[in-house]
Amino acid sequence: MEPTWTVINEARGGAKADHGARRVSRVLDQHNPDVLTIMYGAINISQKNTGTYISDMRLMIQEAKRREVTVVIGNLLPMSGERAHLQGDVIRLNQDLARLASQENVMLVDLFNEFTGPAATERFPDGRHPDEDGTQMVAIVMREAIKRATR
């Protein structure tokens, strides 16, 4: 979408935020990015493992900021279908994430509200992962947030 940008996806399927916290220094050393986008939490919620989520996110944010890397966080996407019972946990974690973003003065992208209503069920066939169109929508929203954050 942005021909002058190099996008490096270091995501790992099934990873929780503590995994990102352990990897962030190496990823930043290896790629030396201008911007770090961070999106974790769905697996933490699915596995009922949210105890260190905020501290893990804070560690990633602070490590990037220490290196003068712009940080953009995407909050958790809605869950639907057989995972709809986790929606309350998603909302609570998103509230905690909003407080963290404010405390750390980093941009939080409200992906949750981008996908509420019919988009939550239409774009998330398994109740957690976006389909191809949903992934494209996330990319567009994140691209615009990165542009705002780097002005």
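Look a little higher up for the structure.
Structure report, in brief. Going along each chain's sequence as written, the residues are numbered from 1 onward. Two thresholds apply to this predicted model, a pLDDT of at least 70 for residue-level local features and 80 or more for giving and counting side-chain atom pairs, whereas whole-chain, interface and lining totals are computed over all residues. Water and hydrogen atoms play no part in the side-chain values, which are based on all heavy atoms of the structure.

1. Some remarks on the packing of helix H3 (residues 53-66) against helix H4 (residues 87-104)
What counts here: Lines fitted to the C-alpha atoms define the axes, with helices restricted to the stretch that makes contact. Angles between their N-to-C directions range from 0 to 180 degrees. Each helix is a run of DSSP H or I of at least 4 residues and each strand a run of E of at least 2, with the numbering of both proceeding from the N terminus. Any angle that falls under 35 degrees is termed roughly parallel, while one over 145 is termed roughly antiparallel, one within 65 to 115 roughly perpendicular, and all others oblique. Handedness of each helix crossing follows the sense of rotation of the near helix against the far helix: counterclockwise by less than a right angle gives left-handed, clockwise gives right-handed. Here, two residues are considered to be in contact whenever any of their heavy atoms come within 4.5 Å of each other. Ten residue types, Ala, Val, Leu, Ile, Met, Phe, Trp, Tyr, Cys and Pro, are classed as nonpolar, four, Asp, Glu, Lys and Arg, as charged, and the remainder, Gly among them, as polar.
Direction vectors running N to C along H3 and H4 enclose 30°, while the axes themselves pass 11 Å from each other. Relative to H4, H3 is oriented roughly parallel. Along this stretch, H3 crosses H4, giving a crossing that reads as right-handed. Seen from H3, the contacting residues are Tyr53, Ile54, Met57, Arg58, Ile61, Gln62 and Lys65; seen from H4, they are Leu93, Asp96, Leu97, Leu100, Gln103 and Glu104. Grouping the amino acids of the contact of H3 with H4 by side-chain chemistry returns seven nonpolar, two polar and four charged.

2. Examining the pairing of strand S2 (residues 70-74)
Put simply, the rule reads: Relative accessibility decides the category of a residue: with a 1.4 Å probe and only protein chains considered, values under 20% of the type maximum give buried, values over 50% give exposed, and everything between is partly exposed. Strand pairing follows a simple DSSP-based rule, namely that at least 2 bridges must link the two strands. Handedness is read with the strands pointing away from the viewer; a crossover is right-handed when the path from the first strand over the helix to the second is clockwise.
Burial analysis of S2 places four of its five residues in the buried class, which makes it a mostly covered element. Examined bridge by bridge, strand S1 (residues 35-38) and S2 share four bridges and lie parallel to one another. Following the sheet pairing, Leu36 is matched in S2 by Val71. Bridge count between S2 and strand S3 (residues 107-109): three bridges; the pairing is parallel. Among the inter-strand pairings, Val72 is bridged to a residue of S3, identified as Met107. Following the backbone out of S2, through H4 and into the adjacent parallel S3, one traces a crossover that is right-handed.

3. Some thoughts on the sheet that holds S2
Sheets are built from strands that pair by backbone hydrogen bonding, the pairs being arranged parallel or antiparallel. Read across the sheet, three strands follow the order S1-S2-S3 without closing on themselves; strand pairing throughout is parallel. Looking at strand neighbours, the two that pair on one side only are S1 and S3, the edges of this open sheet. The mean angle between the axes of side-by-side strands here comes to 25°, regardless of whether they run parallel or antiparallel.

Interpretation in functional terms is not warranted from these geometric data alone.
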